[in-house]
Amino acid sequence: MHGRFIPPVALALTVATFICASPPRKLVAQWLKYPTAGVPRLRNGKPNLTAPTPRTREGKPDFSGMWLTGDGMPCTGDASFQLCGSELPMSRYGINIGAGLPGGLPYQPWAAQQVKYQTEQNSKDDPHARCLPDTFVRLYGLPHMQKFVQVPGLLMMIYELNASYRQVFTDGRPLPADPQPSWNGYSSGKWEGDTLVVDSIGFRDGLWLDILGSPLTDAAKVRERIRRPDYGHLEIEVSIDDSKGYTRPWTVTLKLNIVVDTELVDEICLENEKSRLIGK
């Protein structure tokens, strides 16, 4: 069952646990088993994940749907480590955004020191553990569902966690020249064939990209290249150009899987929030 707490994850040689409690589910009232309309299905009734990519009236890929990380870590048999499997997967990139990069992330010296300190301290200063918003890059790897709603001129991303949202404008507007810093920044996208290229700027300082404390600073420029190769999968190539936090730009590719026959539920971290990590 999704959307109830943030699972324990390993930080180097330590384990940090974040738990957010919410009221019990109301299975009927929140449509958790209601069939999703328009899902291509196999003869056994399961979704056909390799069916053709849905398209809009304009002929572009339609990213609308419920999504969850497709990079979930395998189950190890150690229940104290993390939740795993298909229902609440935790991506290795949610723990360490540079996990797939040879040699790791190219940190600036201060950023490397931050990651070292936070690893030693079980990431006690993690904004996530204190119920502050996550960056959209980090959310791609966390065990929380999100809904994409695509309409002409706009791709809306609605997050189950803390009832937050992000807007990606596809109406041709330029990025603001002097943006007011914000949690998700400002995002404008354009199509290159079947790929949506999204540029984002205007982030507030002090954001984290993963549990280790890899930073995203107010100098960052983020470019996403979003593809939907078939019905059941999204591929998001994320490039970070942040000279304040890193010595050079870097790129990772994140994957999301479609989720059907369910809906978003309230998952408000501040509601009876408790953290084993920070002790409050």
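Caption draft 1: Geometry of the sheet that holds strand β6 (residues 165-169). One closed barrel accounts for 9 strands, arranged β3-β4-β5-β6-β7-β8-β11-β12-β13; its pairing is mixed. Averaged over all pairs of adjacent strands, the angle between strand axes in this sheet comes to 30°, irrespective of strand direction.

Caption draft 2: Structural view of the confidence of the model for the chain. Of all residues in the chain, 82% attain a pLDDT of 70 or more, and the chain-wide mean is 86. Overall, residues 1-29 carries pLDDT values under 50, and its contacts beyond four positions in sequence, including any with other chains, amount to 90 contacts.

Caption draft 3: Quick peek at the environment of R204. Its location among the elements puts R204 in the loop between β8 (195-201) and β9 (207-208). Between the C-alpha atom of R204 and that of W183, which follows or precedes it by 21 residues, the distance is 5.9 Å. Dropping the residues within four chain positions of it, R204 is found in contact with P181, S182, W183, L216, T217 and D218.

Caption draft 4: Quick peek at the side chain of S187. Relative to the assigned elements, S187 resides in strand β7 (residues 186-192). Engagement of the side chain of S187 in a polar contact is seen with the side chain of R166, the distance being 3.0 Å. At 2.6 Å, the side chain of S187 forms a polar contact with the side chain of S200. Contacts of S187, omitting those with residues within four sequence positions, involve R166, Q167, V168, F169, L175, V198, D199 and S200.

Caption draft 5: Structural detail: the nonpolar core. Membership of the largest hydrophobic core comes to 47 residues, with the highest contact counts inside it found for F148 and W250. Every element with two or more residues in this core is listed here: α1 (92-95), α2 (109-120), α3 (136-139), β5 (154-159), β8, β11 (221-230), β12 (233-241) and β13 (250-259). Ranked by residue count, the leading element in this core is β13, at 5 residues. Once you skip the residues sitting within four places of it in the chain, W250 turns out to touch I97, L101, L105, P106, L209, V238, S239 and I240.

Caption draft 6: Layout of the side chain of E224. Note that E224 resides in strand β11. Judged by its relative accessible area of 0%, E224 is buried.

Caption draft 7: Here's a closer look at the packing of aromatic side chains. Here the structure, examined in full by the defined rule, presents 5 aromatic pairs. On the numbers, 6.1 Å between centres and 40° between planes, the contact of F136 with F203 is tilted. Taken as a pair, F136 in helix α3 and F203 in the loop between β8 and β9 lie far apart in primary sequence, 67 residues in all. Residue F136 is classed as buried on the basis of its relative accessible area, which comes to 1%.

Caption draft 8: Inspection of the environment of H144 at higher detail. Looking at the secondary structure, you find H144 in the loop between α3 and β4 (146-151). On a C-alpha basis, the gap between H144 and E267 in space is 9.0 Å, while along the polypeptide they are 123 residues apart. Separated by 2.9 Å, the side chains of H144 and E267 make a polar contact.

Rules used throughout
- Along every chain, residues carry numbers that run from 1 in the direction the sequence is written.
- Whole-chain, interface and lining totals are the exception, using all residues; otherwise, since this is a predicted model, local features are given only for residues with pLDDT of at least 70 and side-chain atom pairs are given and counted only at 80 or more.
- The side-chain values count all of the structure's non-hydrogen atoms but skip hydrogen atoms and water molecules.
- Here, strands pair whenever DSSP counts at least two bridges between them.
- Helix numbering and strand numbering both begin at the N terminus, where a helix is a DSSP run of H or I of at least 4 residues and a strand a DSSP run of E of at least 2.
- Angles here are taken between N-to-C directions and fall from 0 to 180 degrees, while the axes themselves are lines fitted to C-alpha atoms, restricted in helices to the stretch in contact.
- For every residue, the predictor reports its confidence as pLDDT, a number between 0 and 100.
- We call two residues in contact when some of their heavy atoms are within 4.5 Å.
- The definition of a polar contact used here is a pair of N or O atoms within 3.5 Å, where within protein one atom must be able to donate a hydrogen and the other to accept one, and adjacent residues in sequence count solely through side-chain atom pairs.
- Throughout, nonpolar core names a set of buried Ala, Val, Leu, Ile, Met, Phe, Trp, Tyr and Cys residues whose side chains join them through atoms within 4.5 Å.
- Whether a residue is buried, partly exposed or exposed follows from its accessible area with a 1.4 Å probe, protein chains only, as a fraction of its type maximum: under 20%, in between, or over 50%, in that order.
- Only the six-membered ring of Trp is used, alongside the rings of Phe and Tyr, when aromatic pairs are assigned; centres must lie within 6.5 Å, and planes under 30 degrees apart are stacked while those over 60 apart are edge-to-face, with the rest tilted.

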